[in-house]
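# Inside the fold
Letter by letter, the chains look like this.
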Number of protein chains: 2
Amino acid sequence: MNDAHFDIDVGARLRDLRLKQGLSQRALAKRAGVSNATVSMVEANRVSPSVSGLRQILAGIPISLGEFFAGPPGDREQVVFRADELKEIAGGPISFRQVGANLEGRALQMIHERYRPGAESGKAMLSHQGEEAGLVIRGRMLLEVAGIRHELGPGDAYFFDSRKPHAFRNIGEGELELVSACTPPSF
Amino acid sequence: MNDAHFDIDVGARLRDLRLKQGLSQRALAKRAGVSNATVSMVEANRVSPSVSGLRQILAGIPISLGEFFAGPPGDREQVVFRADELKEIAGGPISFRQVGANLEGRALQMIHERYRPGAESGKAMLSHQGEEAGLVIRGRMLLEVAGIRHELGPGDAYFFDSRKPHAFRNIGEGELELVSACTPPSF
DNA sequence: TAAGAGTGTTCTTTATATTGAACACATGAA
DNA sequence: TTCATGTGTTCAATATAAAGAACACTCTTA
């Protein structure tokens, strides 16, 4: 019934986080205001805690539900990606070169973007929620977010909620180069 | 006891997502394999669903728990940050200039980093989990992750799990310039 | 040994989430 | 109107999570 959506192991993850903080079940329980039995049960996956209960427990770490479920990407290995091995994920007048090949299960996506003069990348209203940011390295760019246009040059940056409709365009004479990041990965 | 950790409104968020998909409570319930009453209760915040129960419901959207809780950071406004208004968050031989001033409740952090020759930034084992990535713009950098050293030049990039111990150093003759991003924000 | 303090686990009761059916209210068709 | 089908909500029964106390175990210290 379920897709392969990383079935995060709540118990293991909680235990992992707790131990990283050097806390015993009782110590965490006390900080969080729950019983030690609850912590034990949850860690052993003998129960599936209520969201409010889990939030309560996580308050003792402390960590938010978002961070908790942002989850362990598993151990992916490659750390360094050479300039020529960034994965090209767009063609034509726009070059999107992604850091890392397979982002399945990851929380972050970074892209080295290049736009030929006049090139533009418009994304309509995106249902997927998240955040994105970028910093211009070279060239001039026109950024439109939620109907408002902004002109950015080298060193300028942006940060917005991905759900807002947005579009990018190179309005300079030369190439536009920028580094962007978004979470969660959008494609 | 709690920090201002955005107390996400589970009910409102679920309803919002469901409506965005154009589903009725019953339609979603059927796809998810739960009762319509459950959907109603959860949306009205009359109960705090179990994690397993919520996952079940979200499978009908479909969306993962991570995405669900990555959550709406509320409407923050400033979209564009000029080069000279990036917030300096480190001093001395290292310059960290952050995109956006207040990242409270946000999921993403982007930093424009500059290192003088020889400067280094070592972070020991970081308890906070997450991911980080970066791309070198100028100069040569030595990156050490989990005991392994890598040398990177312009255009090269990295991507790793923040929990692994890591350190950065400028090993070039000139300035090292890079753009990094991490999720969740680490400081 | 024994006693004490620490660990995580297991028990029984209590609180709460979830179900399936009934409910109340809309809209559109005969 | 009357019926049919849609919506979201509420109710009583059942399944499950949470609490508090007891348990079993490992240490350290006397």
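This text goes with the structure placed above it.
This report concerns the structure included in the present document.

Calculation criteria
- Residues numbered from 1 in each chain as written.
- Chains lettered and ligands numbered in written order.
- Predicted model: local features only at pLDDT ≥ 70, side-chain atom pairs only at ≥ 80, totals over all residues.
- Heavy atoms only, no water.
- Helix = DSSP H or I, 4+ residues; strand = E, 2+ residues; numbered from the N terminus.
- Buried < 20%, exposed > 50% of the residue type's maximum accessible area, 1.4 Å probe, protein only.
- Contact = heavy atoms within 4.5 Å.
- Areas by Shrake-Rupley, 256 points an atom, 1.4 Å probe, with all protein chains shown as cover.
- Near = heavy atom within 4 Å.
- Polar contact = N/O pair within 3.5 Å; in protein donor to acceptor, adjacent residues only side chain to side chain.
- Nonpolar A, V, L, I, M, F, W, Y, C, P; charged D, E, K, R; others polar.
- Core = buried A, V, L, I, M, F, W, Y, C linked by side-chain atoms within 4.5 Å.
- Phe/Tyr/Trp six-rings, centres within 6.5 Å; stacked < 30°, edge-to-face > 60°.
- Arc of directions from axis to C-beta.

## What about the overall build of chain A?
The number of helices and strands found in chain A is 5 helices and 11 strands. Split into buried and exposed, the 187 residues of chain A put 50% on the buried side. Put simply, 60% of the contacts in chain A that link residues at least 6 apart link residues at least 24 apart. With an accessible surface of roughly 8300 Å², chain A has 52% of that area assigned to carbon and sulfur atoms.

## Some details on the protein's contact with DNA strand C
As a matter of local geometry, DNA strand C sits amid 20 residues, with A:S24, A:R26, A:N36, A:S40 and B:T38 nearest to it. Within 4 Å of the protein, the contacting atoms of DNA strand C are 62% sugar and phosphate, with bases supplying the remainder. Side-chain polar atom of A:R18 to a phosphate oxygen of DNA strand C: 3.0 Å apart, as the coordinates give it. Between DNA strand C and the protein, one listed contact pairs a phosphate oxygen with a side-chain N or O atom of B:S35 at 3.1 Å. Residue assignment for the surface near DNA strand C shows that the elements contributing at least two residues are α1 (10–20), α2 (25–32) and α3 (36–43) of chain A together with α3 (36–43) of chain B. With 4 residues, α3(A) is the single largest residue contributor to the surface near DNA strand C. Among the residues forming the surface near DNA strand C, the class breakdown is 6 nonpolar, 9 polar and 5 charged.

## Notes on the protein's contact with DNA strand D
In the vicinity of DNA strand D lie 19 residues, with A:T38, B:S24, B:R26, B:N36 and B:S40 positioned nearest. The sugar-phosphate share of atoms of DNA strand D within 4 Å of the protein amounts to 61%. A distance of 3.5 Å separates a base nitrogen of DNA strand D from a polar atom in the side chain of A:R26. Taking B:N36, its side chain carries an N or O atom lying 2.9 Å from a base oxygen of DNA strand D. Of all the secondary structure elements, the ones that give two or more residues to the surface near DNA strand D are α3 of chain A together with α1 (10–20), α2 (25–32) and α3 of chain B. The element contributing the most residues to the surface near DNA strand D is α3(B), with 3 residues.

## Side note on the environment of B:G134
Tracing the chain through its elements places B:G134 in strand β6 (residues 131–138). Each C-alpha atom of the pair B:G134 and B:G155 lies 9.8 Å from the other, and the pair is 21 residues apart in sequence. In contact with B:G134, not counting residues within four places along its chain, are A:M110, B:D156, B:A157, B:Y158, B:V179 and B:S180.

## Digging into the nonpolar core
Counting 36 residues, the largest nonpolar core has A:F69, B:F68 and B:F69 as its most contacted members. Discounting residues that sit within four places of it in the chain, B:F68 has contacts with B:I8, B:V10, B:R13, B:L14, B:L17, B:L54, B:L58 and B:I63.

## Comments concerning the packing of aromatic side chains
By the definition in use, this model includes 7 aromatic pairs over all chains. Summarising the aromatic geometry, the rings of A:Y158 and A:F168 are spaced 5.5 Å apart at their centres and angled 45° between planes, so their arrangement reads as tilted. One end of the pair, A:Y158, is in strand β9 (residues 157–161); the other, A:F168, is in strand β10 (residues 166–170), and 10 residues separate them in sequence. Taking relative accessible area as the criterion, A:Y158 reaches 1% and is therefore assigned buried. Between B:F96 and B:Y115, the aromatic rings sit 6.0 Å apart at their centres with planes inclined by 70°, giving edge-to-face as the arrangement.

## What about α3(B)?
Residue and element names in this part refer to chain B. Every buried residue of α3 is listed here: V39, V42 and E43. Angularly, the buried residues of α3 cover 95° about the axis, an arc narrow enough to put them on a single face. Taken together, the buried residues of α3 touch α1, α2 and α4 (51–58). Among the residues trailing α3, N45 stands out with phi positive, at a value near 60°.

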